[in-house]
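Spelled out, the chains give:
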Amino acid sequence: MKSFKACASALALAAAFVALIATCASAAPVTLLSENFDAATPPALPAGWSMALVGSGIARAWVTDTVTHRPSGYSPVSAPNLACLNASSIPFPSVRLYCTTGLDTTPYDRLKISFQMFHDPSYNDPVDAVQVQVSTDGSTWQNAGDPIAMIAETAGWQQHEVNLSAYAGMASVRVGLLGTCYIFHDCYVDDILVTAGAAEACTPAEGRWWDTFTITGGTGFGEGEGSVFLDGSQTQVLSWTNDAISCRIDQPRNPGLTDVEVAPVASPTMPMTDAFTVLSSCTPATGTTGTSFHIDGIGFGNAKGKVSLKLGGENPIPLKVTAWSPTQITCEVSKWPSPETFNLIIQPKSSPAIVLPQSFETRMISLDAPAPSHGPAGTVVTLTARYLGTKKGKVSLFLDGIPKPLVKACKVNSWVMDAATGAGTIQVTIPKGLAAATYDLVVVGPDGGPTALPAAFTYETP
Ligand SMILES: [Ca+2]
């Protein structure tokens, strides 16, 4: 909905029309705030930034500078300036460095702040830290994420990110960095970025083994190639940019709704719940005796091999193979024991077996009401059915009467199923010699079991 809102508002803003439509279409992250402190004249803060003391004691200030002093001699990440909070002795207040203009995050689902912070292992006090803070009214501030300690194994700059998505979709969001540093160390930051984006999404949102899909949205995936997981197991990454990740489903997987997780190199993982649907590699993926279906994939080889349905530790049920290529097999169900979801086992001629888990489901016959639903002996009745199989079954009229139930077979005139869709019709003739009553219609389908349509046909006598 928010993406749609972003597009709708773009239509209203003629000047920004092209740029915003492009943003919606590509779902690339948007930079809402970028501050490198390089346009300021030290020690002044750049325009749009201010500070506030939090706590009491010896007043001090965030300033801009061209180099670090405690420890000394380190350059800014981006030249010529960094931002610095000078350390002082106790009692000392923390000082918030913050942007004075609220950011409009209403079009977005995701929000993130990233910044560079200087770390130093020597003379470090555990309280020395930077805490990201957010205000939605310009006066009260909340902590976002944990305080980031200055102490580190080695001296140098590190980039940090804090997820601010709880503040996406709001009219005015101010961000701040609350610096705390005691006596020996100053607090240094540089290159603050606030990035927004749509919710992460997969396009297309469904696919089968060997298909590709692209993940976009979010606040940027970073430039280094990370990893992508489908339901916890890694899948192949074909390309990776900050804006989009292209993936391939490089192994057969269980069909169904799947969690996707993006694990960038330098950012926290991004979980996407139920973001992708794995489809069966079988088309159709449901059927019955006589159903013809094809399997798409890779690595089947040129020579015709074997295909079977398999359920747990039971014996495989061989299928009739009617066509075979390295990437597509066509086969037919000849016989099966009961309605189940089967693993499909492909045994190429000269390579190991390929298992497509939970990929083909056999179905019982399903029936619609007969037409007509009443009439005398000799009435020709049509039943619309699915999964009726290609082998003719049996149809009877049934009445649970006294002293005993009555079963009377109907003549089956035709029994037709489309081998690809499973749709079909059964045509029967109502037998002679029954009492006027409303009977169940009982159909014995391809799995050998009876399926009843209760009180489906009213038998009329002259
Ligand atoms: Ca800078």
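Preceding this section is the structure that the text describes.
The rules we used
- Every chain's residues receive numbers from 1 upward, in the order its sequence appears when written.
- In keeping with the model being predicted, local features are shown solely for residues with a pLDDT of at least 70 and side-chain atom pairs are shown and tallied solely at 80 or more, while totals for entire chains, interfaces and linings include all residues.
- The term nonpolar core refers to a set of buried Ala, Val, Leu, Ile, Met, Phe, Trp, Tyr and Cys residues connected through C-beta atoms within 7 Å.
- Exposure classification rests on a simple neighbour count of other C-beta atoms within 10 Å of a residue's own: a residue reaching 20 or more is buried, one at 12 or fewer is exposed, and one in between is partly exposed. C-beta atoms are placed from the backbone.
- Secondary structure is summarised from DSSP: a helix means a run of H or I of at least four residues, a strand means a run of E of at least two, and numbering begins at the N terminus for each.
- By the criterion used throughout, residues are in contact when their C-beta atoms, derived from the backbone, lie within 7 Å.
- Being paired, for any two strands, means DSSP has found at least two bridges between them.

Draft legend 1. Region of the structure containing the nonpolar core. Counting residues in hydrophobic clusters, the biggest one holds 45 residues, and the most contacted among them are Trp62, Cys84, Leu97, Ile113 and Val189. Breaking this core down by element, the ones donating at least two residues are strand S2 (49-54), strand S3 (62-65), strand S4 (82-85), strand S5 (94-99), strand S6 (110-119), strand S7 (129-135), strand S11 (174-180) and strand S12 (187-197). The leading source of residues in this core is S12, at seven residues. In contact with valine 189, other than residues within four places in its own chain, are Leu82, Ala83, Phe115, Gln116, Met117, Val130 and Leu177. Core analysis: the next-biggest nonpolar cluster, separate from the first, contains 21 residues, Leu388, Val428, Val443 and Ala456 among them.

Draft legend 2. Summary view of the sheet that holds strand S24 (residues 306-310). Reading across from one edge, S22-S29-S28-S24-S25 is the order of the five strands in this open sheet, with mixed pairing throughout. Edge positions in the sheet fall to strand S22 (286-287) and strand S25 (317-318), since each has one partner strand and no second. In this structure, strand S28 (residues 341-347) lies alongside strand S29 (residues 354-362), joined through five bridges in antiparallel fashion. Residue pairing across strands places isoleucine 345 opposite valine 355, the latter belonging to S29.

Draft legend 3. Spotlight on the pairing of strand S19 (residues 256-263). Examined bridge by bridge, strand S16 (residues 227-230) and S19 share four bridges and lie antiparallel to one another. Opposite valine 228, over in S19, you have valine 262 as the bridge partner.

Draft legend 4. Fine view of the environment of serine 396. With respect to the helices and strands, serine 396 occurs in strand S33 (residues 394-399). For the pair serine 396 and aspartate 274, spaced 122 residues apart in sequence, the C-alpha to C-alpha distance is 46 Å.

Draft legend 5. How the structure looks around the sheet that holds S33. Across the sheet, which stays open at both edges, the five strands sit in the order S31-S38-S37-S33-S34 with mixed pairing between neighbours. Of all the strands in the sheet, just strand S31 (374-375) and strand S34 (406-409) have a single pairing partner and so form its edges. Looking at chain direction, S33 and strand S37 (residues 437-444) are connected through five bridges and run antiparallel. Along S37, the bridge assignment pairs valine 395 with valine 443.

Draft legend 6. Quick look at unusual backbone geometry. Here the amide bond leading from alanine 79 into proline 80 is cis, since omega sits at 10 degrees, within 30 degrees of zero. Inspection of the secondary structure puts proline 80 in the loop between S3 and S4. Proline 284 follows threonine 283 through a cis peptide bond whose omega is -10 degrees. Mapped onto the fold, proline 284 is located in the loop between strand S21 (282-283) and S22. For glutamine 358, which is not a glycine, the phi torsion comes out positive at approximately 50 degrees. Positionally, glutamine 358 belongs in strand S29. When the 17 C-beta atoms within 10 Å are taken as the criterion, glutamine 358 is described as partly exposed.

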